[in-house]
Amino acid sequence: MKKSLAICALAASLAMIAPAFADTDVKFALDWKFEGPSAPYFVAIDKGYYKAEGLNVTVDTGPGSVAGIARVAAGTYPLGFFDINSLVKFRDQNPDKAVKAIMMVYDKPPFAIATTTKTGIAKPKDLEGKVLGAPAADGAFAQWKAFVKENAIDDSKVKIENIGFPVREPMLADGKVDAITGFSFSMYFNLLQRNLKPEDIKVMLMSDYGLVLYGNAIMVNPDFAKANPKVVEGFVRATLKGVQDTIKDPESAIKSVMKRNETADEKTELARLKMSLRDNFVTPWVKENGLGGVDMARLAKSIDQIGITYEFKAKPKAEDVFTSEFLPPAAARKL
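These lines cover the structure that appears in this document, whether it is placed above or below. (Residues numbered from 1 in each chain as written. Predicted model: local features only at pLDDT ≥ 70, side-chain atom pairs only at ≥ 80, totals over all residues. Heavy atoms only, no water.)

### Quick word on the packing of aromatic side chains
Inspection of every chain in the model, using the stated rule, returns 13 aromatic pairs. The interplanar angle of 80° and the centroid separation of 5.8 Å between the aromatic rings of Phe183 and Phe185 together place this pair among those described as edge-to-face. The exposure classification of Phe183 matches that of Phe185, with both residues buried. One residue, Arg298, lies across the ring of Tyr214, its end atom 3.6 Å from the ring centre. (Phe/Tyr/Trp six-rings, centres within 6.5 Å; stacked < 30°, edge-to-face > 60°. Buried < 20%, exposed > 50% of the residue type's maximum accessible area, 1.4 Å probe, protein only. Lys NZ or Arg CZ within 6 Å of the ring centre and 35° of its normal.)

Next comes the structure, spelled out in structure tokens:
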């Protein structure tokens, strides 16, 4: 009798403990393909950081840094990695869909203008009298009016040609346009593949020429966050560890990407990762304050800057767009 009672008690205690060991499935959407800059998420998977938080994370490719926000709003993906400037516009257009950024990844956005040395374009003002190729849906081109204002460019002297993403770099390489807009680490390596040499390519990061905008951040569906705050906290905590490890050892981190994209060139993706770490992840502000957070005054100013290129119905506040409630203490986010 005592033995059977003991067995029952053990079974009951195991039943209570069991759910703690059951992983929660989490779908996470990237903005684009499995390339170098996506390494931190795969490092967090391969090193068991998500697993240690009780999460079974699936990472999927995405449709771009803008379009994917709707997937998070709809709950198709509870978490995603997209452009915070596009989120500002999305919140203005959809005030009932309270998607928020919860972890800043690109402290400086990769928005850039790329050109070749033969065009003679060395600074923004030199774009006057030139042809700029820009896909209409491009996140970098969305900042054009603010870039023009900050650099006193007479935009009436710049011919804008709407071109598709697939022909963007080929048209620049062939001299059919003088400059193009896009993500720095996409355009640069695409141009190298068009047989241009590094010294033939000039990339101007918009953030080096007056734009105070942030870049891509991790975003969460509001209903999911409300129902699963510990899951969101665990995801952020594990992801931060993946970012820290990637910064420390990009050569090892890129292996996690290559396991999932065997057709990619490892040398190119490692160089792309290092470029993004240098220009977007690890800024002076991040070195001083740690990963993941934002300066709310700067974020507010960036929303004002977005207003140069976009007409708000009811301009969102910085706290409508970003929350630090799921971030671990600053000490845990230091490099």
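### Observations concerning the sheet that holds strand E3 (residues 79-83)
With mixed pairing, 5 strands are arranged side by side in an open sheet as E2-E1-E3-E10-E4. Of all strands in the sheet, those with a lone pairing partner are strand E2 (55-60) and strand E4 (100-104), marking the two edges. Sheet twist, expressed as the average angle between the axes of neighbouring strands with direction ignored, equals 30°. Pairing geometry for strand E1 (residues 24-29) and E2, over 6 bridges, is parallel. Opposite Asp25, over in E2, you have Asn56 as the bridge partner. Sheet strands touched by helix H10 (residues 229-248): E1, E2, E3, E4 and strand E10 (216-220). Its angle to E4, the strand with the most contacts, is close to 30°. (Pairing = 2+ DSSP bridges. Helix = DSSP H or I, 4+ residues; strand = E, 2+ residues; numbered from the N terminus. Axes fitted to C-alpha atoms, helices over the stretch in contact; angles between N-to-C directions. Contact = heavy atoms within 4.5 Å.)

### Here we look at the sheet that holds strand E9 (residues 201-205)
Sheet architecture is open: 5 strands sit in the order E7-E6-E8-E5-E9, paired in mixed fashion. At either margin of the open sheet sits one strand with a lone partner, and together these are strand E7 (159-161) and E9. The mean angle between the axes of side-by-side strands here comes to 30°, regardless of whether they run parallel or antiparallel. Pairing analysis gives 2 bridges linking strand E6 (residues 131-133) to strand E8 (residues 179-183), with the strands arranged parallel. Bridge assignment links Gly133 to a residue of E8, and that residue is Ile180.

### Topic: the packing of helix H7 (residues 165-173) against helix H8 (residues 184-192)
At a closest axis distance of 10 Å, the pairing of H7 and H8 adopts a crossing angle of 55°. What the angle tells us is that H7 and H8 run oblique. Crossing geometry of H7 relative to H8 is assigned as right-handed. On the side of H7, the interface is formed by Arg168, Glu169, Leu172 and Ala173, while H8 contributes Ser186, Met187, Asn190 and Leu191. A class-by-class count of the residues in the contact of H7 with H8 yields 4 nonpolar, 2 polar and 2 charged. (Parallel < 35°, antiparallel > 145°, perpendicular 65-115°, else oblique. Left-handed = near helix turned anticlockwise from the far one by under 90°. Nonpolar A, V, L, I, M, F, W, Y, C, P; charged D, E, K, R; others polar.)

### Brief notes about the pattern of salt bridges
On inspection of all chains with the given rule, the structure shows 18 salt bridges. When the shortest N-O distance is used, the salt bridge between Lys255 and Glu266 registers 2.7 Å. Within this pair, whereas Lys255 is found in helix H11 (residues 250-258), its partner Glu266 is found in helix H12 (residues 266-281), the two being separated by 11 residues in sequence. With relative accessibility at 45%, the residue Lys255 sits in the partly exposed group. A salt bridge links Asp304 to Lys315; its shortest N-O distance comes to 2.5 Å. Here Asp304, found in helix H14 (residues 296-309), pairs with Lys315, found in the loop between H14 and helix H15 (318-321); they are 11 residues apart in sequence, far enough to count as distant. Sharing partners across several salt bridges, the network here consists of Glu35, Glu269 and Arg272. (Salt bridge = Lys/Arg side-chain N within 4 Å of Asp/Glu carboxyl O.)

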